[in-house]
Amino acid sequence: MRAAVWYGARDVRVEDVPAAAPRAGEVAITVAYCGICGSDLHEYLDGPHAVPVDAPHPESGRRAPLTLGHEFCGTVAEVGPDVTGFQPGDRVAVEPHYRCGTCARCRAGEYNLCRHFGFAGLMGDGGLAERAVVPSYMLHRLPAGVPLEQAAVLEPAAVALHALRRSGLRDGETVAVSGLGPIGLLVVRLAAHYGAGRIVASDPSASRRALARRLGATEVVDAGLLPAGEADLAFEAVGTEGTLRDCLAATRRGGRVVLLGLGGTFAVDAFALVNNEQTIIGSVGYRDVYPELIQLVAEEGLDLAAIVTSTVPLADVVRDGFEALLTAKEEIKVLVRP
């Protein structure tokens, strides 16, 4: 089969690899679509960051070179021994979190905080391929009302919904969003759906600001121009010290800031943070959100695929996927169709 295999920074090769058979507890799916995530882009640009190189990941047993892609969906092709609840032909979305099931956090139901935290497509082989094999616990069956094009965007939407849950969003609250990549845009869409009042969205791109308006933002501003001290709640979806400071400045006394961007070490004004009694909340991945998102798409017609700007074949994933996302400012979410 053909797959996009990561060997190193700027070294992703579309090549023939053996098609693995599912082992006990695993399912093989024929991939319909796989989105390119910002995490994938970081691995392509200057990785490794998450890709295991020196030692295999404890849950996947894999290390580089490996197949990228964790935002994927498709059709069940084959089920391994001991798998129940799925059969060939089922349309499924993949929730790509690895979990051990035995650590304290897994036992508490917080499997996104598993001691062996990781994603298929970053710490194990993923969906930028014609076929993928994953643990059956990652799969969610899709009802007829969920097109595969929508299912391909469930994973970033899950990140956004988990962050909204972590934030404690209340009806009518004023929300600020800094950074209108796929996650920031989906935060806007879901915040509007779940009852936010005023939503102020910030980004340097005029086209992304326009899309944020269509998705539910009540106001849009250029980067760094969020109104000061007016938001009950702010989402930092870029991963820079400057946007974190913007979010803190935009948030009222007693407000909350949710960190979604993947950044490094930041300096904050701890004196102001304490005196303003603001709360900074970290949010990683997701847990127990896929069923709700699938229901929203199937029963309420929520359009998650509005953020998709291009769909490209697997053979062109480097040029029209990774490179395009680095250079073409109009690109937001690129789907790959193996």
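A brief look at the structure comes next. (Residues numbered from 1 in each chain as written. Predicted model: local features only at pLDDT ≥ 70, side-chain atom pairs only at ≥ 80, totals over all residues. Heavy atoms only, no water.)

Some points on the overall build of the protein chain
In step 1: Helices and strands together make up the secondary structure of the protein chain, namely 10 helices and 18 strands.
In step 2: A compact globule built from 338 residues would reach a C-alpha radius of gyration of about 20 Å, and the protein chain, at 20 Å, matches this within 12%.
In step 3: Each principal axis of the C-alpha distribution contributes one length, and for the protein chain these read about 55 × 40 × 40 Å.
In step 4: Each of the 338 residues in the protein chain was classed as buried or not, and the buried ones make up 53%.
In step 5: Considering only residue pairs separated by 6 or more positions, the protein chain has 69% of its internal contacts joining residues 24 or more positions apart.
In step 6: Put simply, the protein chain shows about 13,800 Å² of open surface, and 50% of that area lies on carbon and sulfur atoms.
In step 7: Seen as two clouds, the 31 positive and the 41 negative side-chain charges of the protein chain have centres 2 Å apart. (Helix = DSSP H or I, 4+ residues; strand = E, 2+ residues; numbered from the N terminus. Rg over C-alpha atoms; globule rule 2.2 N^0.38 Å. Buried < 20%, exposed > 50% of the residue type's maximum accessible area, 1.4 Å probe, protein only. Contact = heavy atoms within 4.5 Å. Areas by Shrake-Rupley, 256 points an atom, 1.4 Å probe, with all protein chains shown as cover. Lys, Arg positive; Asp, Glu negative; His and termini not counted. Charge placed at Lys NZ, Arg CZ, Asp CG, Glu CD.)

Examining the side chain of aspartate 90
In step 1: Counting through the fold element by element, aspartate 90 comes out in the loop between strand S5 (71-79) and strand S6 (91-94).
In step 2: For aspartate 90, the side chain forms a polar contact with the side chain of arginine 141, separated by 3.4 Å.
In step 3: Apart from residues no more than four positions distant in its own chain, aspartate 90 is found in contact with Gly74, Thr75, Val76, Gly85 and Arg141. (Polar contact = N/O pair within 3.5 Å; in protein donor to acceptor, adjacent residues only side chain to side chain.)

Examining the pairing of strand S15 (residues 251-259)
In step 1: In this structure, strand S14 (residues 231-236) lies alongside S15, joined through 5 bridges in parallel fashion. When the bridges of S15 are listed, alanine 234 appears paired with valine 257.
In step 2: Handedness of the crossover joining S14 and S15 through helix H7 (residues 241-250): right-handed.
In step 3: Sheet topology places S15 next to strand S16 (residues 279-282); 4 bridges connect them, and they run parallel. (Pairing = 2+ DSSP bridges. Right-handed = clockwise from strand over helix to strand, strands pointing away.)

What about the sheet that holds strand S1 (residues 2-8)?
In step 1: Across the sheet, 3 strands lie side by side as S2-S1-S4; this open sheet has antiparallel pairing. Either end of the sheet is taken by a strand with one partner, and the two such strands are strand S2 (11-16) and strand S4 (66-67).

Remarks on unusual backbone geometry
In step 1: Residue proline 48 follows glycine 47 across a cis peptide bond; omega there is 10°.
In step 2: Note that proline 48 resides in the loop between helix H1 (38-46) and S4.
In step 3: Of note, the amide linkage connecting alanine 64 to proline 65 takes the cis form, showing an omega dihedral of 0°.
In step 4: Position of proline 65 relative to the elements: it lies in the loop between H1 and S4.
In step 5: Its identity as a non-glycine residue notwithstanding, arginine 10 has a phi of 60°, on the positive side.
In step 6: When you line up the elements, arginine 10 lands in the loop between S1 and S2.

Quick word on the pattern of salt bridges
In step 1: Counted according to the given criterion, the structure contains 19 salt bridges.
In step 2: The partner of glutamate 292 in a salt bridge is arginine 165, with the nearest N and O atoms 2.5 Å apart. Here glutamate 292, found in helix H9 (residues 290-300), pairs with arginine 165, found in helix H4 (residues 154-167); they are 127 residues apart in sequence, far enough to count as distant.
In step 3: Exposure remark for glutamate 292: the relative accessible area of 25% places this residue in the partly exposed category.
In step 4: In this structure, the salt-bridge partner of glutamate 219 is arginine 198, at a minimum N-O distance of 2.5 Å. Taken together, the residues glutamate 219 in strand S13 (residues 219-221) and arginine 198 in the loop between helix H5 (182-193) and strand S12 (199-202) connect sequence positions 21 residues apart.
In step 5: Several salt bridges share partner residues, and in doing so they unite Arg170, Glu173 and Arg256 into one network. (Salt bridge = Lys/Arg side-chain N within 4 Å of Asp/Glu carboxyl O.)

Digging into the nonpolar core
Nonpolar side chains tend to gather and get buried jointly when the protein is soluble and globular.
In step 1: Ranked by internal contacts, the top residues of the largest apolar core, which has 90 residues, are Ile29, Leu128, Leu154, Phe235, Leu293 and Phe322.
In step 2: With 8 residues, the single largest contributor to this core is H4.
In step 3: Beyond its immediate sequence surroundings of up to four residues, phenylalanine 235 is in contact with Ala163, Leu164, Ser167, Val175, Ala176, Val177, Ser178, Val187, Cys247, Val258 and Leu260.
In step 4: In terms of nonpolar packing, the next biggest core, distinct from the first, is built from 11 residues, Ala176, Val200, Cys247 and Val257 among them. (Core = buried A, V, L, I, M, F, W, Y, C linked by side-chain atoms within 4.5 Å.)

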